[in-house]
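Here is how the chains run, residue by residue.
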Amino acid sequence: SSDLSAFADRSSAIRLEAGTIIEGLNIDLPLEVAASLKVTCSGSDAAAIPGAELALIEQATQTVWASLGSVKCDDAGAFLFSGLAAGDYLLAGRWRTPAGLVQWAKTDVSLGPGRETSQPLRFDEGRAIDGVLRLQGGRPADLATVTVVAKGRIDGLGDAGVEGEGHVGSDGQIGRAHV
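Residues numbered from 1 in each chain as written. Predicted model: local features only at pLDDT ≥ 70, side-chain atom pairs only at ≥ 80, totals over all residues. Heavy atoms only, no water.

S.K.: A description of the nonpolar core should follow, citing residues and the corresponding values.
M.R.: One finds Cys41 and Phe81 to be the most contacted residues of the largest nonpolar core, which totals 21 residues. Counting residues per element, the ones that place at least two in this core are β3 (35-43), β4 (53-58), β5 (63-72), β6 (78-84), β7 (87-96), β8 (102-111) and β9 (116-123). No other element matches β3, which puts four residues into this core. In this structure Cys41 touches Ala47, Ala48, Ile49, Ala52, Leu54, Cys73, Gly77, Leu121 and Phe123, once residues within four positions along its chain are discounted. (Core = buried A, V, L, I, M, F, W, Y, C linked by side-chain atoms within 4.5 Å. Buried < 20%, exposed > 50% of the residue type's maximum accessible area, 1.4 Å probe, protein only. Helix = DSSP H or I, 4+ residues; strand = E, 2+ residues; numbered from the N terminus. Contact = heavy atoms within 4.5 Å.)

This is the structure:
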């Protein structure tokens with residue numbers, strides 16, 4: 001009897017029914033060892049940020065491994081992604097400060113097969129918009145608060161928006177809205 005062999009790459013499939021015995025068949029399947037990514041979230045003061053939301057997107061295929069809100073850092077500001085394919089990823093995060101302000105962070109990260117990569121993700125103070133927003137003609141009698149919405153685009157994640165509530169003074173001036 002001669003040796004039979006088969007080689008399968010990612011696009012090939014070999015199916016054997018339960019109980020099938022093939023003597024002398026050698027199947028050589030290359031297995032890719034999964035990568036993992038340990039993320040540590042911190043603020044500009046290097047303090048851990050528990051509860052930060054993370055997103056992870058494989059850049060080559062645009063496969064979303066985690067979307068914002070589906071994954072959060074633990075009490076130590078850390079999260080471990082496991083079972084990932086080696087490759088290049090976009091890692092992004094969103095965190096709402098105790099004052100209600102939203103901060104964003106993002107970085108590119110490359111993962112090798114069979115390795116755990118540690119990646120810090122630092123949330124810096126956001127940009128502030130200063131100025132006065134005032135309703136012409138003063139405040140209508142039935143209007144005490146307004147919702148202020150800030151929208152923008154984050155590369156790799158698409159449109160992002162946050163909103164906050166501001167109080168309207170009797171002169172129509174809108175007080176600070178935590179956006």
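S.K.: Please set out the sheet that holds β6 residue by residue, giving values where relevant.
M.R.: Strand order in the open sheet made by the three strands is β6-β3-β9, with mixed pairing throughout. Sheet topology places β6 and β9 at the edges, where each strand pairs with a single neighbour. Each strand axis lies, on average, 20° off the axis of its neighbour in the sheet, ignoring direction. As defined by bridge partners, β3 adjoins β9 across eight bridges and the pair is classed as parallel. Note that in β9 the partner of Cys41 across the bridge is Leu121. (Pairing = 2+ DSSP bridges. Axes fitted to C-alpha atoms, helices over the stretch in contact; angles between N-to-C directions.)

S.K.: Describe the confidence of the model for the protein, and please don't skip the residues or the numbers.
M.R.: In this model, the protein carries an average pLDDT of 74, and 52% of its residues clear a pLDDT of 70 or more. Within the model, pLDDT remains below 50 along residues 1-12, and this stretch shows 17 contacts once partners closer than five positions in the same chain are excluded. (pLDDT = per-residue confidence, 0-100.)

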